[in-house]
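# Examining the three-dimensional arrangement
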Amino acid sequence: MKFFIDTASVEEVRRAAALGVADGVTTNPTLLAKESGKPEEIYKEICKVVDGPVCAEAVSLESGDIVKEGRELAAIDEKIVIKIPATREGIVAVKILEAESIRTNVTLIFSPMQALLAARAGASFVCPFVGRLDDASHEGMQLIAEILQMYQNYDLKTEIIVASIRSVLHVKECAMLGAHIATIPLGVIEKLIKHPLTDRGVESFLKDWQKIG
Ligand code: E4P
């Protein structure tokens, strides 16, 4: 499973890259609002750090405007992938942009049918949001299992980026299901390595090493 970093912080992308797990980045307007600097400059900096896709979200609502915005964002760097919400207008824009070889990521996916339409439109990626579904008392991971099954049934090539990840358990469940990619906040990535028995083991080995002198 590939790891994307769910952030607009260049520093966080660098920290994830140091762990060898920055296969790509997903940003969104909320994440960008936490940073200082213009989005275009932030995208450029992030593109210097990672080799994989860097998702930049279009904020227009009408398909023609989304296409225009998508073309402008794609011109920033060849790593840029245009994140487009799973609306009717968004799906129309995906078809047009993908026909121009501009990669798209259909975001804010909460149902299997949205994911099927996105794939039929030729989206390179889809972003189903598991955490927000869990928050609304639905089973987020069930959505991932269903989309994976549908894509497998019809040999659809769209890659699933599991989004809105909140915990280590979410990451484990994604990997057990065979999701292509998980986009994860840095805080959760850093928790993946943590285990109290590892810390205790290091501590006792150090104590014994000191006895040896
Ligand atoms: C995905 O690309 C989104 O940026 C992100 O995963 C949203 O997560 P949230 O539900 O924690 O805001």
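Model, not experiment: these values are computed from the prediction.

The rules we used
- Residues numbered from 1 in each chain as written.
- Predicted model: local features only at pLDDT ≥ 70, side-chain atom pairs only at ≥ 80, totals over all residues.
- Heavy atoms only, no water.
- Near = heavy atom within 4 Å.
- Polar contact = N/O pair within 3.5 Å; in protein donor to acceptor, adjacent residues only side chain to side chain.
- Areas by Shrake-Rupley, 256 points an atom, 1.4 Å probe, with all protein chains shown as cover.
- Nonpolar A, V, L, I, M, F, W, Y, C, P; charged D, E, K, R; others polar.
- Salt bridge = Lys/Arg side-chain N within 4 Å of Asp/Glu carboxyl O.
- Helix = DSSP H or I, 4+ residues; strand = E, 2+ residues; numbered from the N terminus.
- Buried < 20%, exposed > 50% of the residue type's maximum accessible area, 1.4 Å probe, protein only.
- Axes fitted to C-alpha atoms, helices over the stretch in contact; angles between N-to-C directions.
- Parallel < 35°, antiparallel > 145°, perpendicular 65-115°, else oblique.
- Left-handed = near helix turned anticlockwise from the far one by under 90°.
- Contact = heavy atoms within 4.5 Å.
- Arc of directions from axis to C-beta.
- Pairing = 2+ DSSP bridges.
- Expected span 1.5 Å × (residues − 1).
- Core = buried A, V, L, I, M, F, W, Y, C linked by side-chain atoms within 4.5 Å.

### Concerning the site of the ligand
Around the ligand, a shell composed of Asp6, Thr26, Asn28, Lys83, Cys127, Phe129, Arg132, Ala163, Ser164 and Arg166 is seen. Interatomic distance of 2.7 Å between a side-chain N/O atom of Asn28 and an oxygen atom of the ligand. Here an oxygen atom of the ligand sits 2.7 Å away from a polar atom, N or O, in the side chain of Arg132. For the ligand, whose unbound accessible area comes to 340 Å², protein coverage reaches 86%. When its residues are assigned to classes, the shell around the ligand shows three nonpolar, three polar and four charged.

### A look at the pattern of salt bridges
If you walk through the whole model with that rule in mind, you get 14 salt bridges. The closest approach of N and O atoms between Glu41 and Lys44, which form a salt bridge, is 4.0 Å. One end of the pair is Glu41 and the other is Lys44, both in helix α3 (residues 39-49) and three residues apart, which spans about a single turn. By relative accessible area, which is 43% here, Glu41 ends up partly exposed. Looking at Lys44, the relative accessible area reads 34%, which means it is partly exposed. Look at the salt bridges and you will find they share partners, linking Glu11, Arg14, Glu45 and Lys48 into a network.

### Considering the packing of helix α8 (residues 140-153) against helix α9 (residues 168-177)
Look at α8 against α9: their axes get within 10 Å of each other, and the N-to-C directions meet at 20 degrees. When the axis of α8 is compared with that of α9, the two are roughly parallel. Of the two elements, α8 crosses α9, and the hand of that crossing is right-handed. Residues Met141, Ile144, Ala145 and Leu148 of α8 pack against His170, Glu173, Cys174 and Leu177 of α9. The residue inventory of the contact of α8 with α9, partitioned by class, reads six nonpolar, one polar and one charged.

### Things to note about α3
For α3, the complete set of buried residues consists of Ile42, Tyr43, Ile46 and Cys47. All buried residues of α3 lie within an arc of 135 degrees about the axis, which places them on one face of the element. Of the surrounding elements, those touching the buried residues of α3 are α1 (10-18), β2 (24-26), α2 (29-33), β3 (54-57), α4 (63-74) and β4 (80-85).

### Thoughts on the sheet that holds strand β7 (residues 159-162)
Backbone hydrogen bonds hold the strands of a sheet together, and the pairing may be parallel or antiparallel. Overall, parallel pairing links the eight strands, which are arranged β1-β2-β3-β4-β5-β6-β7-β8 in a closed barrel. Strand-to-strand twist of the sheet, defined as the mean angle between neighbouring strand axes without regard to direction, takes the value 30 degrees. Where β3 meets β4, four bridges bridge the pair, whose relative direction is parallel. Of the residues in β4, the one forming a bridge with Ala56 is Ile82. Across the sheet, α3 lies against β2, β3 and β4, angled at about 165 degrees from β3, the strand it touches most.

### Observations concerning α4
Here α4 spans 16 Å end to end across twelve residues, near enough to the 16 Å set by a 1.5 Å rise per residue. Of the positions making up α4, those classed as buried are Ser63, Ile66, Val67, Glu69, Gly70 and Leu73. Summarising the contacts, the buried residues of α4 are in contact with α3, β3, β4 and α5 (88-99). Of the residues that open α4, the one with a side-chain oxygen 3.1 Å from the backbone nitrogen of Gly64 is Glu62.

### Some thoughts on the nonpolar core
With 60 residues, the main nonpolar core has Ile80, Val106, Val162 and Ile165 as its most contacted residues. Looking at this core, the element that brings in the most residues is α8, giving seven residues. Judged by nonpolar contacts, the second largest core, of nine residues, contains Phe4, Phe125, Phe129 and Ala163.

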